[in-house]
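Descriptive analysis of the structure
What follows is the residue order along each chain.
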Amino acid sequence: MPGKQRGQELAMESTQKKSSARPVHRSDRIKQIFALVSMVSFGGSAIFGIVSLFSSGLSSQHQQKPTPAAVSQESLLAAQERGYETVLQREPQNHTALEGLANVRLQMNNGKGAIEPLEKLVKLYPDRADYKELLGRARHTREEKK
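Structural notes, computed from the coordinates.

Cut-offs and rules
- Sequence positions are assigned chain by chain, starting from 1 and proceeding in written order.
- For a predicted model such as this one, the threshold for reporting local features is a pLDDT of at least 70, and the threshold for listing and counting side-chain atom pairs is 80 or more; totals across whole chains, interfaces and linings nevertheless cover every residue.
- For the side-chain quantities, the full set of heavy atoms in the structure was used; hydrogens and water were omitted.
- For the purposes of this entry, the term helix denotes a DSSP run of H or I that reaches at least four residues, the term strand denotes a run of E that reaches at least two, and both are numbered from the N terminus.
- Using a 1.4 Å probe on the protein chains alone, a residue whose accessible area is under 20% of its type maximum counts as buried, one over 50% counts as exposed, and one in between counts as partly exposed.
- Any two residues having at least one pair of non-hydrogen atoms within 4.5 Å are treated as being in contact.
- In short, Shrake-Rupley with a 1.4 Å probe defines the accessible areas, and a residue's cover is counted only from the protein chains shown.
- To count toward a patch, a residue needs a relative accessible area above 30% and no salt bridge. Like charges then connect within 9 Å, nonpolar side chains (Val, Leu, Ile, Met, Phe, Trp, Tyr) within 5 Å.
- Criterion for a salt bridge: a side-chain nitrogen of Lys or Arg within 4 Å of a carboxyl oxygen of Asp or Glu.
- To get an axis, a line is fitted to the C-alpha atoms, and for a helix only the part in contact is used. The angle between two axes follows their N-to-C directions and goes from 0 to 180 degrees.
- Each angle gets one of four labels, with under 35 degrees taken as roughly parallel, over 145 as roughly antiparallel, 65 to 115 as roughly perpendicular, and the rest as oblique.
- Put simply, a crossing is left-handed when the front helix is turned counterclockwise from the back one by less than a right angle, and right-handed when it is turned clockwise.
- Under the scheme applied, nonpolar residues are Ala, Val, Leu, Ile, Met, Phe, Trp, Tyr, Cys and Pro; charged residues are Asp, Glu, Lys and Arg; polar residues are all the others, including Gly.
- Note on aromatic contacts: the rings of Phe and Tyr and the six-membered ring of Trp form a pair at centre separations within 6.5 Å, being stacked when their planes are under 30 degrees apart, edge-to-face when over 60 apart, and tilted otherwise.
- Placement of a positive charge over a ring is assigned whenever Lys NZ or Arg CZ falls within 6 Å of the ring centre and within 35 degrees of the normal to the ring plane.

Let's shift gears to the overall build of the protein chain. Scanning the protein chain from N- to C-terminus turns up five helices and zero strands. Ordered by position from N to C terminus, the α and β elements of the protein chain give α-α-α-α-α. Each of the 146 residues in the protein chain was classed as buried or not, and the buried ones make up 16%. The contacts of the protein chain with a sequence gap of at least 6 include a subset with a gap of at least 24, amounting to 36%. Total accessible area on the protein chain stands at roughly 11700 Å², and carbon and sulfur atoms take up 59% of it.

With that out of the way, let us pick up a nonpolar patch on the surface. On the surface, L36, M39 and V40 cluster together into a nonpolar patch covering about 330 Å² of accessible area. Mapped onto the elements of the fold, M39 is located in helix α1 (residues 2-63).

Let us now look at the packing of helix α3 (residues 95-107) against helix α4 (residues 111-124). Two elements in contact, α3 and α4, have axes whose closest approach is 8 Å; the angle formed by their N-to-C orientations is 150°. Regarding the angle of α3 to α4, the classification is roughly antiparallel. Read as a crossing pair, α3 and α4 show a hand that is left-handed. Listed contacts from α4 to H95, L98, E99, L101, A102, R105 and L106 of α3 are G111, G113, A114, P117, L118, K120, L121 and L124. Residues that form the contact of α3 with α4 fall into these classes: nine nonpolar, three polar and three charged.

A few words now on the environment of K132. By secondary structure assignment, the location of K132 is in helix α5 (residues 129-145). Counting along the chain gives eleven residues from K132 to L121, while the straight-line C-alpha distance between them is 8.7 Å. Sequence-distant contacts of K132, defined by excluding residues within four places in its chain, comprise V122 and P126.

What follows deals with the packing of aromatic side chains. What the rule picks out here adds up to one aromatic pair. Ring plane angle 55° and centroid distance 6.3 Å describe the contact between Y125 and Y131, whose orientation is recorded as tilted. On the accessibility criterion, Y125 (31% relative accessible area) is partly exposed. We note R128 situated over the ring of Y131; from NZ or CZ to the ring centre the distance is 4.2 Å.

Summed over the entire model, instances satisfying the criterion amount to six salt bridges. With a shortest N-O distance of 2.9 Å, R105 and E81 are connected by a salt bridge. Residue R105 is found in helix α3, and its partner E81 is found in helix α2 (residues 69-90); the two are separated by 24 residues along the sequence. For R105, a relative accessible area of 10% gives the class buried. For D130, the salt bridge goes to R128, with nearest N and O atoms at 2.7 Å. By relative accessible area, which is 29% here, R128 ends up partly exposed.

This is the structure:
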C-alpha cells in the first residue's frame with residue numbers, strides 16, 4: 001500500500017498544482033484584459049479630445065468674419081449718441097448726458113452737433129474753462145467746413 005498511497009499523494013499534488021496554478025493564470029489574464037481595456041479607453045478619449053479641439057478651432061475660425069474697426073466704432077458711437085439723447089429728453093440739463101453727447105459728437109467729427117450740448121454746459125457751468133475751450137473748437141471746426 002505504500003506504493004498506492006504514494007501514487008495518491010502524487011495525484012493530489014498534481015491536482016493541487018493545477019488548481020493553484022489555474023487561479024493565478026486566470027487573475028493574470030483578467031489583469032491583462034483590464035489593462036488592455038483601460039489603454040484602449042484612454043487612447044480613445046485622448047483622440048476624441050484632440051479631434052474635438054481641432055474641429056472646434058477650425059469651425060470658430062470659419063464663423064468669425066473680420067469686421068472693419070471703423071464700422072464697429074461708428075456704430076458704437078451712434079448707439080452712445082442715441083442713448084445720451086434719450087436721457088436728455090427726460091432730463092434736459094443732465095450734466096453727464098450733455099458732456100457725453102458733446103464728446104461722442106466730437107469723436108464722430110460732428111462739431112456742429114456738439115455745439116448745442118456744449119452751449120448748455122457753458123450756461124450751466126460758466127466757471128468751467130474746458131467746456132468753453134471745447135465749444136470754441138467745435139465752432140472753429142464748423143467754420144472751417146463752411
